[in-house]
Amino acid sequence: MDKNPVLLSSLSMDSDIPLYSQLVNIVRRNIAAGTLAPGELLPSEAELCRAFDVSRSTVRQAIGSLEAEGLVVRKQGRGTFVAEPKMRRKTENVYSFTSEISSMGLTPSSTLIEFEVLLPTPDITKVLELSSADSGIYKFTRIRNVNGEPLILETSFYPQHIYPKLTRELLRDHSFYSLLYEVGIAPACAVDSYSAVVLAREEAEILGCKQGSCAFSVQRRTRTETGMIYEYTQSLIRADRITLDVFLHKDGVSFSRSVDK
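Residues numbered from 1 in each chain as written. Predicted model: local features only at pLDDT ≥ 70, side-chain atom pairs only at ≥ 80, totals over all residues. Heavy atoms only, no water.

Novice: Run through the side chain of Asn-30, naming residues and quoting values.
Specialist: Along the chain, the position of Asn-30 falls in helix H1 (residues 19–33). Its relative accessible area of 11% is what places Asn-30 among the buried residues. A distance of 2.7 Å separates the side chain of Asn-30 from the side chain of Thr-35, its partner in a polar contact. Not counting the four nearest positions on each side in its chain, Asn-30 is found in contact with Pro-5, Val-6, Thr-35 and Leu-36. (Helix = DSSP H or I, 4+ residues; strand = E, 2+ residues; numbered from the N terminus. Buried < 20%, exposed > 50% of the residue type's maximum accessible area, 1.4 Å probe, protein only. Polar contact = N/O pair within 3.5 Å; in protein donor to acceptor, adjacent residues only side chain to side chain. Contact = heavy atoms within 4.5 Å.)

In structure tokens:
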């Protein structure tokens, strides 16, 4: 059996680029070059750990990033496969802020301004489809920055049971998506609901805008492959910096966001 082309590459331990990012780039290059064909099985986590002499968490973070980009798809009990091109189009809207902004050649960063563990309100219990209002949730608010400039004010809600040991320090220093991937939770689909709003004084100050400036209000619910809702996010996005493009094609409708420079 021919060796998987991913295993023919190597990582640079002296590079400033994180190891998981190097591994992402290796897989991405092979997909773009056609040496990894749609539907082809990627090496297992154990194989990647042995071949590149990295930890399992590094491999999982890399696979999680590739899955967030829609380049690969995990099938429980079978492994991770290169996504079909048609599937990649369908998963364009299931993205992380970091992946989305980085793909534009810009620098993303986040500022954590609130982190709480609390009991959900009846509305949040309903939105997250929790079985009981006694189930704890995480609520945290972050400013999402692009090239150091505040762009999004984002408040997220997650059931506590999906990652019981989350702390403010972990959230500040790690991508929560990568932490969730380590325990087997990854996005399969998401629904965004957009509306136009006017920023209040406090919101405008946080985002560096004038009071009364226009913004997009976005509510997102994200599900796993099993259909479980594990994320509900409310975002305010500066309308002076974001453009939404809607694409109509024979396979359906998709959209993309771009940052005005």
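Novice: Tell me about the environment of Glu-154, and please be specific about residues and values.
Specialist: Tracing the sequence through the fold places Glu-154 in strand E5 (residues 149–159). Considered as a pair, Glu-154 and Val-259 are 105 residues apart in the sequence and their alpha carbons are 17 Å apart. In contact with Glu-154, not counting residues within four places along its chain, are Phe-140, Thr-141, Arg-142, Arg-144, Thr-233, Gln-234 and Ser-235. Among the polar contacts listed, one links the side chain of Glu-154 to the side chain of Arg-144, at a separation of 3.1 Å.

Novice: Tell me about the environment of Asn-145, and name the residues and values.
Specialist: Examined against the element boundaries, Asn-145 turns out to sit in strand E4 (residues 137–146). With relative accessibility at 8%, the residue Asn-145 sits in the buried group. Asn-145 sits 38 residues away from Thr-107 along the chain, and the two C-alpha atoms are 8.1 Å apart. Leaving out residues up to four positions away in the same chain, Asn-145 has contacts with Phe-97, Thr-107, Pro-108, Ser-109, Ser-110, Thr-111, Pro-150 and Leu-151.

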